[in-house]
Amino acid sequence: SGALVVYLTYRAWTGVDPEQRRDEQTKRRERERRKREQQFTPNQEGKSSPRRRRQDARGRNNNVRRQGGAYQSFASTSSSSSYQGDYRNPQQASREAKALISSIIARMPGGGGPAFVPDSLQTALEIARVQNRALFVYLHAPAGDASAGFAEEILGSNGVAQFLTSNFVCWAGSLRDQGVAEGYLLAKEMGEEKLSESLVAVIGVVSSPGDKSKNEGHKATSSHSVVKVVAKTHALFRNSSLFLQWALLAQDHWNEIVAKRKSERARRTIVSEQNSEYEQALMQDEQKLSQEREEEQRRLEAERAAVEEKKLEEAEEKRRIDLRDRLPEEPAVGAKGVANIRFLFPDGTTRVNRRFDVDEAAKVMFQFVESHLIRDREDEKLLPMDRLRLVTRFPRKVLPRLPESTLREIGVSRDTVLVVEEIFTMK
């Protein structure tokens, strides 16, 4: 009865049914929500409006390009900024990030919260790449119904803050399309159209600048890093436990990606080493075959040269034997004008005697010496006559080779001993 009295009194005082009042409040909130969505939705028809022109400029110059679920962004390898939209100064992005993070932390109990990187998205990505950790991104919607509560009650809780700081590199951006608007551009690149509520995402760098290996079907150039969206959702969690469950699943997914990358790198390393060993073995086999072919070629050439040399030597032996047969007959013993000559050959043991007419041509005596098979003491090859000379003993005198002169004219007129000497030349 007391409740009935209160109800009747309230209705009489306000003149409005409570059920009707709740319906009106719901409708008013819906109208406000639609108004906010229109405020953060790009104008599709007013192409001449300043907002539309800024969006078109960002779309043309933005260097974050989506490629089938992966996103490319410039790495901070120089002083230039990651993105080159309406701004070209990375300091501006850093200032905006610091201001946003300060405003978010100020609303958290005790000024705590995750350790957000107070710098541009580019810098946060580079830190995540160096530390080989995923990047937790909080994109704040200033007019969202649940944004303030999520930042204060969930991100500001000690358990969530410690978990995010320990396992991720954290960064925060704004979904407001003003200034640099890194958060706004990132949300658009992730395919988000509803920007009235805050977003949370986990992204990871899957290849670094200069990495020429393939990652998830994409290549990283010398000035780009390929990043992958691991998980994303609107910040509409009822409590920190649900958010931690989502974060744990995202972390597990990132760990799987990292493990897969390591396995793929290990596989590529093994394949590369095997290919290198195979190519090295193939090169060694080719070198060995080439050496064997060269040795075989040299052996065949040596055999041919030996055969030719043997043929020439046989022909020379035959010529000398024929030369001996063509010599004039030896004069009779005791004939007048005959000199008995003893020849001592270079080997020191061979001695040959023969009689010559002192008035006959001296070339007969030289042909007689040449008709003997005088060989080199080192290689046993026949010595040609131009490497031999005839020398008298006492006094020592080298007989000249004058084909038209007689023995008497060159100094041989009586019995004598001639030494056949080999002429040595300097090599």
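Read on for an overview of the structure. Worth saying up front: this structure is predicted, and the values here are computed from it rather than measured.

This part covers the environment of proline 403. Along the chain, proline 403 falls in the loop between β12 (397-398) and α11 (407-410). For the pair formed by proline 403 and alanine 361, sequence separation is 42 residues and the distance between their alpha carbons is 6.7 Å. Residues within four places of proline 403 in sequence aside, it is in contact with Ala361 and Lys363.

Another point: the sheet that holds strand β9 (residues 338-344). The five strands are arranged β10-β9-β13-β11-β12 in an open sheet whose pairing can be described as mixed. Of all the strands in the sheet, the pair left with one neighbour each is β10 (351-357) and β12. Pairing geometry for strand β11 (residues 388-392) and strand β13 (residues 416-422), over five bridges, is antiparallel. Within the sheet, the bridge partner assigned to leucine 388 lies in β13 and is glutamate 422. Most of the contacts of helix α10 (residues 362-370) go to β10, to which it runs at about 155 degrees, and overall it touches β9, β10, β11 and β13.

A few words on a positive patch on the surface. Taken together, the side chains of Lys27, Arg28, Arg29 and Arg31 define a basic patch exposed on the protein surface. Overall, the relative accessible area of 56% leaves lysine 27 in the exposed class.

Quick look at the pairing of strand β3 (residues 135-140) now. Within β3, six of the six residues are buried, leaving the element largely enclosed by the surrounding structure. A two-sided burial pattern is seen for β3, the buried positions comprising Leu135, Val137 and Leu139 on one face and Phe136, Tyr138 and His140 on the other. Sheet topology note: the β3/strand β4 (residues 169-174) ladder contains six bridges and is parallel. When the bridges of β4 are listed, valine 137 appears paired with tryptophan 171. Across five bridges, β3 lies against strand β5 (residues 199-207) in antiparallel orientation. Bridged to tyrosine 138 within β5 is valine 200.

Within the secondary structure, glutamate 192 is located in the loop between α8 (182-189) and β5. Judged by its relative accessible area of 14%, glutamate 192 is buried. Reaching out from glutamate 192, the side chain makes a polar contact with the side chain of lysine 232 at a distance of 3.4 Å. Ignoring sequence-local partners within four residues, the contact set of glutamate 192 consists of Ala187, Leu199, Lys232 and His234.

Below, the discussion takes up the pattern of salt bridges. Under the criterion given, the structure shown has 20 salt bridges. In this structure, arginine 387 and glutamate 422 form a salt bridge, with 2.6 Å as the shortest nitrogen-oxygen distance. Of this pair, arginine 387 sits in the loop between α10 and β11 while glutamate 422 sits in strand β13, placing them 35 residues apart in sequence. The buried category is assigned to glutamate 422, whose relative accessible area is 8%. In the salt-bridge network here, residues are joined through shared partners; they are Glu316, Arg319, Arg320 and Glu370.

A separate point is the nonpolar core. Counting 33 residues, the largest nonpolar core has Phe136, Tyr138, Leu155 and Phe243 as the members making the most contacts within it. Those elements that provide at least two residues to this core are α4 (90-106), β3, α6 (147-155), α7 (158-167), β4, β5, β8 (224-234) and α9 (240-326). In terms of residues, this core owes the most to one element, α9, which gives seven residues. Not counting residues up to four positions away in its chain, the partners in contact with leucine 155 are Met108, Gly113, Pro114, Phe116, Phe136, Tyr138, Phe150, Val160, Ala161, Leu164 and Phe243. Counting residues in hydrophobic clusters, the runner-up holds 26 residues, among them Trp171, Ala181, Ala201 and Val229.

What follows covers the packing of aromatic side chains. Applying the stated rule across the entire model yields eleven aromatic pairs. The interplanar angle of 50 degrees and the centroid separation of 6.1 Å between the aromatic rings of phenylalanine 237 and tryptophan 246 together place this pair among those described as tilted. For tryptophan 246, a relative accessible area of 15% corresponds to the buried category. Arranged with centres 6.1 Å apart and planes meeting at 85 degrees, the rings of phenylalanine 343 and phenylalanine 356 form a pair that is edge-to-face. Here phenylalanine 356 lies in strand β10 and phenylalanine 343 lies in strand β9, a separation of 13 residues in the sequence. With a relative accessible area of 0%, phenylalanine 356 lands in the buried category. Put simply, the rings of Phe136, Tyr138, Phe150, Phe237, Phe243 and Trp246 touch in pairs and so form one group of aromatic residues.

With respect to the element layout, threonine 406 can be found in the loop between β12 and α11. We classify threonine 406 as buried; its relative accessible area is 17%.

Thresholds applied
Note on numbering: residues in each chain are counted from 1, in written sequence order. Confidence filtering applies because this is a predicted model: local features only for residues at pLDDT of at least 70, side-chain atom pairs given and counted only at 80 or more, and all residues used for totals across whole chains, interfaces and linings. Values reported for side chains reflect all heavy atoms of the structure, with hydrogen atoms and water molecules removed beforehand. Working definition: helices are DSSP H or I runs of at least four residues, strands are E runs of at least two. Numbering for both runs from the N terminus. We call two residues in contact whenever any of their non-hydrogen atoms come within 4.5 Å of each other. Any two strands between which DSSP finds at least two bridges are classified as paired. Under this scheme, a helix contributes an axis fitted over its contacting stretch, all axes are lines through C-alpha atoms, and angles between N-to-C directions fall in the 0 to 180 degree range. Patch definition: residues with relative accessible area over 30% and no salt bridge; like charges joined within 9 Å; nonpolar side chains (Val, Leu, Ile, Met, Phe, Trp, Tyr) joined within 5 Å. Here the open area of atoms and residues is found with the Shrake-Rupley method and a 1.4 Å probe, where only the protein chains shown may cover a residue. Here, a salt bridge means any Lys or Arg side-chain nitrogen found within 4 Å of an Asp or Glu carboxyl oxygen. Residues scored as positive are Lys and Arg, those scored as negative are Asp and Glu, and His as well as the terminal groups of each chain are ignored. Lys charges are placed at NZ, Arg charges at CZ, Asp charges at CG and Glu charges at CD. Buried, partly exposed and exposed residues are distinguished by accessible area as a fraction of the type maximum, computed with a 1.4 Å probe on protein chains only: under 20%, between the cut-offs, and over 50%, respectively. Polar contacts, as counted here, are pairs of nitrogen or oxygen atoms within 3.5 Å of one another; within protein the pair requires one atom able to donate a hydrogen and one able to accept it, and residues that are adjacent in sequence qualify only if both atoms are side-chain atoms. In these notes, a set of buried Ala, Val, Leu, Ile, Met, Phe, Trp, Tyr and Cys residues joined through side-chain atoms within 4.5 Å is what counts as a nonpolar core. Each aromatic pair joins two rings of Phe, Tyr and Trp (for Trp, the six-membered one) with centres within 6.5 Å, and gets the label stacked for planes under 30 degrees apart, edge-to-face for over 60, and tilted for any other angle.

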